[in-house]
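Structural overview for review
Single-letter residue listing:
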2 protein chains.
Amino acid sequence: MPVPRPRTATGTDVTTVTTAPQLTTNVVGLRCRECGTEEELGAHHACGFCFGPLEVVYDETLVAARASRGAIAAGPANLWRYAPLLPALRDGPVPDDLGTGFTRLVAAPRLAARLGLGELWLKDDTRNPSGSFKDRVVSVALQAAHALGIGTLACASTGNLANAVAAHAARAGMPAYVFVPDDLEQAKIVTSAVYGANLVAVRGTYDDVNRLCAEVADARGWGFVNVNLRPYYAEGSKTLGFEIAEQLGWRLPDHVVVPVASGAQLTKVHKAFEELVRYGLVDDHPVRISGAQPAGCNPVAAAYAAGVDDVLPVKPETIAKSLAIGNPADGYYALRAVRQTGGAVADVTDDEIRAGMRLLAETEGIFAETAGGVTIATLRKLAREGVVRADERVVALVTGNGLKTVESLIGHVGPTVAIPPSLEAFERALPATAGGAA
Amino acid sequence: MPVPRPRTATGTDVTTVTTAPQLTTNVVGLRCRECGTEEELGAHHACGFCFGPLEVVYDETLVAARASRGAIAAGPANLWRYAPLLPALRDGPVPDDLGTGFTRLVAAPRLAARLGLGELWLKDDTRNPSGSFKDRVVSVALQAAHALGIGTLACASTGNLANAVAAHAARAGMPAYVFVPDDLEQAKIVTSAVYGANLVAVRGTYDDVNRLCAEVADARGWGFVNVNLRPYYAEGSKTLGFEIAEQLGWRLPDHVVVPVASGAQLTKVHKAFEELVRYGLVDDHPVRISGAQPAGCNPVAAAYAAGVDDVLPVKPETIAKSLAIGNPADGYYALRAVRQTGGAVADVTDDEIRAGMRLLAETEGIFAETAGGVTIATLRKLAREGVVRADERVVALVTGNGLKTVESLIGHVGPTVAIPPSLEAFERALPATAGGAA
């Protein structure tokens, strides 16, 4: 249902006038997803009435006026090319100095052949600035913080989110505080602390850390990207959907496979496709959305399999740490989007995750973190079950770099042979017939 | 000295006709850098007469006809946009399916301020496909292998080169063999083996491994990227220079700081600038080229400091493993380019390298491997000494991703504070005055 685009007095499509000053923001407030109560813009995420999650409310007329294929194509080669569709709270150029997003959408013919699929594309977020899709949501949260007058960026995280907050804050010259459990491995500390972020090691459970963060957010007025800035932050995941459509030549795919942690990424990709249709940027086309979870943290897959709406919390135990959210805040909404679109949610074991990582690297030369292994292994499973079909244009999301989870493969891939340094020993170990002579 | 561009009968500049079939390659043979003896194209790297290094010889008329700003701008967003200036042995499109090169050249104002410099740019190769500049040279070597009918890609390496060979071969569907010492750490094995590359663990010294590789190259006819494909491979480093000039708006910088391992990268960046001038792609402009080495492997810096031409081998002992070449094949040529252009070579200690990594991450949000720390620390040293000046347009090469050398920082960056999970404890540990309240 495209919204008619407003036109200037001369009949020019105003959306193509990218140099015109834009004096109003495209965001008008926040609204509770549960009860619809509206709230003013600010650093808060829970409805004051029912405690439901707050979401950004856009001025749809303004968005329709600004969001055109031409304006987007004329934008920067990062996720801020979609500024008209994001909570850009201040008008004017919104740089992302780290170059986040607008990552490759790459055809994967060799992987498709191995899976018995037809047209398969990979969204390759392994090469975002800090190596994961979290750069997207943090980039959007950081701009919101600026606009709201918040000078310090913070989060609770043990991994990708901490890296992204630390990197983006460094480039922006903002202080950053990252709250971590005090037993976090040294390697995970290094990859955030190197950016000069303050690491606060907290002796307590994950719940303890989160409660402390909420208290600090109130006491200090800091911007915790995934707490009080969450309404803005979460919108960043829409850019995955926008990029997929643009990179397919402004077409929607038939089926998308998305990893599920909190469930926000899946629901936001779904929302992105809806918005593209609403604003006339793509033709309407049904997109099936499927979810991928590790078997060791599968609350949404379990609810899907049981045919129920209730997503019951689980205790995570999986090598896919970046998907290990046992009580996913958006699990219900992710499940609903999957069912609405005719997708499925499946889960895969740690061994299948490792096999998925290897399959992706062997066929397409992309080394993904464990979450990428979850997506590829789930894609394989759904292809075998006939849920993902060979006649579909399929996109799989590869959301993080394998260099972040090398430890998950140690002991599982190793040298082919070990030999003394002689040609004779080599020929004996790897005869020419087996060795692929030129 | 621009070469006149050939024109068609109609006077059209043929270089702008990018869709015309190109039936001849731009490479005519190989030539010894020492004695000038010419050899036919093939998989060999040493002069049959004097054992000097062979280099690619281009058909300069053809290069001049093909290499224009327009043709380059119309090319792909990877290093093959410079195909007219590379050993593209087969005509027709030369894809790089992994998306290698054409990485960001990013302004670094905060780092510049810290170093007392003016205009500073960083060439950010941390986001190449396998996380280092080695993807550039391997991409070029792989295309040469294809053209020469070589079906198997190989190398001896313990790090970045192995990763790049394994990744590119996987995407191309070629078998790959990586020869490593048998005591290589598990993490370094994983990052190549995951791509399905055959890892041959060799019990012996680095020299033993290299000798075996030369024998295997002869016996099997495989393409060892940095041995028998070296003349093609090395040309890939020119793309760093091409990109810098194009991304500066087709201008040469005043000063470039390049890390030195074999010395090939520095000499090829120098060559790239010369070629751009020769083919009229940029105006002639003197570029000072300086080299950066770790103090624990500083043969070129030592020769520079001593004012001699002889680069004496050293035994490497440094955290910058990717620069640990004790007997650099192109050390002499690198030294010559530095002296010719009025640059310098300096070296930095392991502590300075770590400080360089942190300084880069803290100011610009880029996490580089140890080699990047060497470049930034050397830049700092040269700026303090007045060798790199505030009135210069400076470019520093950041050639690899910090996720590859996390271990170098373990124990050197850590949590700021450790506290129990209470706001009171937090306030005590980090009072608001110190904590950067919003």
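A brief report on the enclosed structure follows.

How each quantity is defined
- Residues numbered from 1 in each chain as written.
- Chains lettered and ligands numbered in written order.
- Predicted model: local features only at pLDDT ≥ 70, side-chain atom pairs only at ≥ 80, totals over all residues.
- Heavy atoms only, no water.
- Pairing = 2+ DSSP bridges.
- Helix = DSSP H or I, 4+ residues; strand = E, 2+ residues; numbered from the N terminus.
- Axes fitted to C-alpha atoms, helices over the stretch in contact; angles between N-to-C directions.
- Contact = heavy atoms within 4.5 Å.
- Buried area = accessible area lost by both parts, 1.4 Å probe.
- Salt bridge = Lys/Arg side-chain N within 4 Å of Asp/Glu carboxyl O.
- Polar contact = N/O pair within 3.5 Å; in protein donor to acceptor, adjacent residues only side chain to side chain.
- Nonpolar A, V, L, I, M, F, W, Y, C, P; charged D, E, K, R; others polar.
- Disulfide = S-S within 2.5 Å.
- Buried < 20%, exposed > 50% of the residue type's maximum accessible area, 1.4 Å probe, protein only.
- Least-squares fit on C-alpha atoms with pLDDT ≥ 70 in both.
- Core = buried A, V, L, I, M, F, W, Y, C linked by side-chain atoms within 4.5 Å.
- Parallel < 35°, antiparallel > 145°, perpendicular 65-115°, else oblique.
- Left-handed = near helix turned anticlockwise from the far one by under 90°.

1. Brief notes about the sheet that holds strand 11 (residues 288-294) of chain B
All names here are of chain B. Read from one edge to the other, the open sheet built from six strands follows the order 4-5-13-10-11-12, with strand pairing classed as mixed. In this open sheet, the two strands that pair with only one neighbour each are strand 4 (105-107) and strand 12 (345-348). Adjacent strand axes in the sheet meet at a mean angle of 25°, parallel and antiparallel pairs treated alike. In this structure, strand 10 (residues 255-259) lies alongside strand 11, joined through five bridges in parallel fashion. What sits directly across from P259, in strand 11, is A292. Here helix 12 (residues 331-341) sits on the sheet in contact with strand 11 and strand 12, set at roughly 135° to strand 11.

2. Quick word on the sheet that holds strand 9 (residues 223-224) of chain B
Strand pairing in a sheet relies on backbone hydrogen bonds. The paired strands run either parallel or antiparallel. The five strands are arranged 14(A)-8(B)-7(B)-6(B)-9(B) in an open sheet whose pairing can be described as parallel. This sheet does not close on itself; its edge strands, each paired only once, are strand 14 (417-419) of chain A together with strand 9 of chain B. Two strands pair when backbone bridges link them, and strand 7 (residues 176-181) of chain B and strand 8 (residues 198-202) of chain B are joined in this way by five bridges, in the parallel orientation. Along strand 8 of chain B, the bridge assignment pairs Y177 of chain B with N198 of chain B. Most of the contacts of helix 5 (residues 160-172) of chain B go to strand 6 (residues 153-156) of chain B, to which it runs at about 170°, and overall it touches strand 6 and strand 7 of chain B. Contacts from helix 7 (residues 206-220) of chain B reach strand 14 of chain A together with strand 6, strand 7, strand 8 and strand 9 of chain B within the one sheet, and its direction differs from that of strand 7 of chain B by about 155°.

3. Some thoughts on the interface of chain B and chain A
Facing the 83 residues of chain B at the interface are 83 residues of chain A. Taken together, the two surfaces of chain B and chain A that pack against each other cover about 6,700 Å², and 60% of this comes from carbon and sulfur. Summed over the shared surface of chain B and chain A, the number is four salt bridges. Inspection of the chain B/chain A interface yields 29 residue pairs in polar contact (both at pLDDT 80 or more). Element by element, the count of residues in the side of chain B that touches chain A is highest for helix 7 of chain B, at seven residues. The residue inventory of the side of chain B that touches chain A, partitioned by class, reads 48 nonpolar, 20 polar and 15 charged. Two strands pair when backbone bridges link them, and strand 8 (residues 198-202) of chain A and strand 14 (residues 417-419) of chain B are joined in this way by three bridges, in the parallel orientation.

4. Considering the state of the cysteines
Going through the model one piece at a time under the given rule, you end up with zero disulfides over all chains. C50 of chain A takes part in no disulfide bond, and the closest cysteine sulfur to it belongs to C32 of chain A, at a distance of 3.4 Å. Residue C50 of chain A is classed as partly exposed on the basis of its relative accessible area of 32%. C155 of chain B provides the cysteine sulfur closest to C297 of chain B, a residue in no disulfide bond, and the two sulfurs are 19 Å apart.

5. What to know about the environment of E243 of chain B
Residues and elements named next belong to chain B. Its place among the elements puts E243 in helix 9 (residues 238-247). Given a relative accessible area of 0%, E243 falls into the buried group. Remark: the alpha-carbon pair of E243 and A272, spanning 29 residues in sequence, is separated by 9.6 Å. When sequence neighbours within four positions are dropped, the list of residues in contact with E243 reads L79, Y82, G101, F102, T103, K123 and R136. Of the polar contacts made by the side chain of E243, one reaches the backbone nitrogen of F102; its length is 2.6 Å. A distance of 3.2 Å separates the side chain of E243 from the backbone nitrogen of T103, its partner in a polar contact.

6. Some words on the relation of the copies chain B and chain A
Relative to chain A, chain B is turned by 180° and slid 0.0 Å along the rotation axis, the superposed coordinates differing by an RMSD of 0.0 Å. Taken together, the rotation and translation describe the operation of a two-fold axis. When you check the interface residues of chain B against chain A, 100% turn up at the interface there too, and the contact is symmetric in its surfaces.

7. Remarks on helix 9 (residues 238-247) of chain A
Among the 10 residues of helix 9 of chain A, nine are classified as buried, and the element is accordingly described as predominantly covered. Positive phi shows up at G249 of chain A, right after helix 9 of chain A, with a value of about 80°.

8. A short note on the nonpolar core
Within the largest apolar cluster, 265 residues are counted, with the highest numbers of intra-cluster contacts made by L122 and L153 of chain A together with L122 and L153 of chain B. Once you skip the residues sitting within four places of it in the chain, L153 of chain A turns out to touch V138, L142, A145, V165, A169, M174, P175, A176, Y177, G223, V225 and L229 of chain A.

9. Comments concerning the pattern of salt bridges
Residue and element names in this part refer to chain A. Evaluation of the coordinates by the stated rule reveals 56 salt bridges over all chains. R211 is the salt-bridge partner of D208, the closest N and O atoms lying 3.4 Å from each other. Placement of the pair is D208 and R211 together in helix 7 (residues 206-220), with a separation of three residues, close to one helical turn. A relative accessible area of 18% means that D208 is categorised as buried. A residue is classified by how much of its surface remains accessible, and R211, at 43% relative accessible area, is partly exposed. A salt bridge links K268 to E235, with the nearest nitrogen and oxygen atoms 2.6 Å apart. Of this pair, K268 sits in helix 10 (residues 264-278) while E235 is found in helix 8 (residues 230-235), placing the two residues 33 residues apart along the sequence.

10. Points about the packing of helix 9 of chain A against helix 10 of chain A
Residues and elements named next belong to chain A. Running from N to C, helix 9 and helix 10 point in directions that differ by 50°, and their axes come no closer than 7 Å. Of the possible angle classes, the one that applies to helix 9 and helix 10 is oblique. Helix 9 and helix 10 meet at a crossing whose hand is right-handed. Only Q265, K268, V269, K271, A272, F273, E275 and L276 of helix 10 make contact with helix 9, whose side of the interface consists of K238, L240, G241, F242 and A245. Its residues assigned to classes, the contact of helix 9 with helix 10 comprises seven nonpolar, two polar and four charged.

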